[in-house]
2 protein chains.
Amino acid sequence: MVAKRGSPGDVRLLVRISQLYYRMHLSQAQIGEQLGLSRFAVGRLLERALEENIVRIEVVHPAARLVDLEDRLVGRFGLDAALVADVPAASGDAADDLARDAVAELAADLLAQRRPGGVIGVSWGRTMLAVARKLAQGWTSATEIVQLNGAASRSDQPTRVGEILERFASTSGASFRGLAAPAIVGSAALRDALMRDPAIRETIDLARTATTAVFGLGIPAPDSPHLASGFVDEAEQARLRSMGAAGDVIGRFLGADGQVAWPELDARTIGLSLAELASKPLRMGIAAGAGRGPIALAAIRARVLNVIACDESTAEWVLTHG
Amino acid sequence: MVAKRGSPGDVRLLVRISQLYYRMHLSQAQIGEQLGLSRFAVGRLLERALEENIVRIEVVHPAARLVDLEDRLVGRFGLDAALVADVPAASGDAADDLARDAVAELAADLLAQRRPGGVIGVSWGRTMLAVARKLAQGWTSATEIVQLNGAASRSDQPTRVGEILERFASTSGASFRGLAAPAIVGSAALRDALMRDPAIRETIDLARTATTAVFGLGIPAPDSPHLASGFVDEAEQARLRSMGAAGDVIGRFLGADGQVAWPELDARTIGLSLAELASKPLRMGIAAGAGRGPIALAAIRARVLNVIACDESTAEWVLTHG
DNA sequence: TTCGATAGTGCACATATGAGCATGGATACT
DNA sequence: AGTATCCATGCTCATATGTGCACTATCGAA
């Protein structure tokens with residue numbers, strides 16, 4: 001007669017079987033033979049040992065947290081993939097640089113894994129530069145790299161759009177095409193006029209054919225390259241923020257709900273539209289650094305991205321507030 | 001291209017696969033499908049996750065310690081079984097009572113599990129009384145219960161040998177037979193004379209046919225019922241201890257090496273010999289309470305037991321000193 | 001006592017996993 | 001450049017495990 005369920009000897013049997021199975025790596029049949037039980041009985045007792053928490057199986061690596069965040073982002077928002085970087089939660093410019101690098105590495109890894117071909121559209125900014133610098137030789141077989149949106153010509157900080165395009169192209173053997181125009185101009189009319197310029201138009205048309213887009217998620221800080229380009233004065237910047245702009249995607253500012261924050265300003269913005277962006281099969285948005293939570297959530301809601309790369313605190317903000 | 005071994009993305013893959021496998025309970029094939037890997041690759045990565053301690057599987061129940069001690073006792077000394085009771089390591093008479101009860105319960109459980117038949121030999125003492133009181137109705141189909149060694153007639157503490165035999169018998173439907181003689185007498189000649197007495201001889205002969213023996217392991221304390229029976233005076237008791245007697249098994253005192261400590265005294269002892277005891281297929285020795293380590297080890301070395309039941313501190317002592 | 005409910009048992013069969021091996025692609029060394 | 005070596009890969013085949021089911025022992029209530 002075997003010890004009854006719930007008796008002290010019963011737990012001991014579960015413990016013994018668990019140790020034989022998980023520690024000694026005996027088969028259930030061997031254990032059964034040794035203890036005079038059928039292999040079925042052993043299997044069922046092992047199942048009970050698991051149920052009753054006599055055996056604990058856990059994923060203990062620190063990265064487990066991050067993978068968990070990724071899975072929750074994918075599950076909650078129906079994304080294609082999510083990458084959450086392991087970044088100590090510090091603040092300051094140095095910490096932001098670290099976060100950018102870590103997130104950029106993940107983004108570059110994912111691109112290499114997916115090996116997107118054809119035309120790839122890219123935006124610019126510090127984050128995109130970090131990604132460009134992490135790309136390994138031969139990461140893709142793409143044929144052409146194209147700039148998705150205008151670059152500030154008068155920014156105090158160089159936008160480095162040239163280096164970004166050049167690196168994306170040189171590491172992959174693709175050619176590249178820049179967009180020789182400001183991000184945001186003074187009026188919708190001027191924007192429309194520029195968009196009709198043949199060189200600009202050709203680039204935008206090429207960008208429309210891209211099946212992959214990679215872009216950073218920006219915040220409306222006073223030193224944002226978009227806002228500092230000279231066509232958006234301080235009053236307009238203040239108005240933008242007061243309208244609840246969470247940040248920008250390829251130069252276009254979104255509110256927390258994922259809608260364009262200020263349509264009139266959007267009409268003065270040069271580059272692919274958000275609707276066009278949202279139609280790409282692979283569109284990766286990258287958010288690194290403090291305060292990126294709102295724009296990340298807005299971009300997710302707008303569905304302008306289906307792959308997000310961000311740091312831990314951004315991921316947590318999004319999951320908390322989304 | 002999959003992330004290279006050692007790269008950060010590699011660990012993340014291991015973590016993700018581990019979570020899908022151990023937490024979500026997907027099959028390796030499903031995981032492979034989902035991540036674009038063969039099921040073999042998934043299996044190998046899971047193996048690596050285990051090797052690299054990304055996944056930890058442990059038996060967490062408090063009883064695991066005890067089961068571990070049991071396994072080590074069985075393995076180290078080639079026993080048939082070992083039972084280690086979960087007893088808080090306290091000292092004092094109350095603690096000893098608790099330990100005795102806990103060990104007795106395990107011993108009774110094991111007996112019920114083995115269901116020994118035929119003739120069962122038993123010794124007496126506080127430990128055996130505790131075992132007798134734990135026996136459940138119908139624990140065995142044995143036909144006869146027989147006393148293995150003489151009982152002190154003049155002990156200050158009643159030996160309760162009657163109750164022990166009666167309980168062993170009444171819970172199993174067996175009849176019982178006592179041994180109406182002292183444990184130790186004054187001379188070998190007197191011992192031999194008693195052993196020739198028909199009633200005593202019959203009981204001993206019956207005990208020789210027993211295939212199962214259950215007995216306590218005693219220590220040579222001044223209040224030991226064996227020593228207090230009147231035939232061993234204080235000088236002899238002191239001599240016994242000075243000869244290094246670790247304790248007794250069915251009234252026969254053993255040295256630390258498992259040899260009979262004092263052959264002349266042994267020749268004055270009534271009951272089964274240790275060699276006869278050691279030939280039984282199932283012979284369970286029970287040691288509960290402080291200071292039982294040495295006699296437990298001695299009994300193991302003498303092979304007079306092949307099943308031991310003891311408390312945690314005794315088990316640890318034996319493993320440390322054996 | 002008799003009956004029904006319940007939980008445990010062993011089985012046949014389907015599925016999942018592991019082991020050994022041949023292959024191919026990369027690396028390092030000459 | 002040529003070549004030896006090392007690994008990772010995916011295969012086949014053997015083993016191990018899980019599932020659903022029919023059967024039985026046990027226990028409590030009528």
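Residues numbered from 1 in each chain as written. Chains lettered and ligands numbered in written order. Predicted model: local features only at pLDDT ≥ 70, side-chain atom pairs only at ≥ 80, totals over all residues. Heavy atoms only, no water.

Concerning the interface of chain A and chain B
Okay, so step 1: Listed as interface residues are 35 residues of chain A and, on the opposing side, 34 residues of chain B.
Okay, so step 2: Applying the counting rule to chain A against chain B returns eight salt bridges.
Okay, so step 3: Its salt-bridge partner being A:Glu70, residue B:Arg16 comes within 3.0 Å of it at the nearest N-O pair.
Okay, so step 4: The interface formed by chain A and chain B holds 12 residue pairs in polar contact (both at pLDDT 80 or more) in total.
Okay, so step 5: Secondary structure elements with two or more residues in the side of chain A that touches chain B: helix 1 (8-23), strand 1 (55-59), helix 4 (63-77), strand 2 (81-85) and helix 5 (93-114) of chain A.
Okay, so step 6: At nine residues, the largest contribution of residues to the side of chain A that touches chain B is made by helix 1 of chain A.
Okay, so step 7: Here the side of chain A that touches chain B is composed, by residue class, of 20 nonpolar, five polar and 10 charged.
Okay, so step 8: In this sheet, strand 1 (residues 55-59) of chain B lies alongside strand 1 of chain A in antiparallel orientation, the contact comprising five bridges. Across the sheet, A:Val55 pairs through a bridge with B:Val59, a residue of strand 1 of chain B. (Contact = heavy atoms within 4.5 Å. Salt bridge = Lys/Arg side-chain N within 4 Å of Asp/Glu carboxyl O. Polar contact = N/O pair within 3.5 Å; in protein donor to acceptor, adjacent residues only side chain to side chain. Helix = DSSP H or I, 4+ residues; strand = E, 2+ residues; numbered from the N terminus. Nonpolar A, V, L, I, M, F, W, Y, C, P; charged D, E, K, R; others polar. Pairing = 2+ DSSP bridges.)

Re the relation of the copies chain A and chain B
Okay, so step 1: Laying chain A over chain B is done by rotating through 180° and shifting 0.1 Å along the axis; what remains is an RMSD of 0.2 Å. Read as a symmetry element, the transformation amounts to a two-fold axis. Residue A:Ile57, judged by its C-alpha, is the member of chain A lying nearest the rotation axis, at 2.2 Å.
Okay, so step 2: Both copies present the same face, since 97% of the interface residues in chain A are matched by interface residues at the equivalent positions in chain B. (Least-squares fit on C-alpha atoms with pLDDT ≥ 70 in both.)

Structural notes on the domain arrangement of chain A
Okay, so step 1: Per the domain assignment, the segments making up chain A are domain 1 (8-51) and domain 2 (62-321).
Okay, so step 2: The straight-line distance from the C-alpha centre of domain 1 of chain A to that of domain 2 of chain A is 55 Å. (Domains from an automatic or database assignment.)

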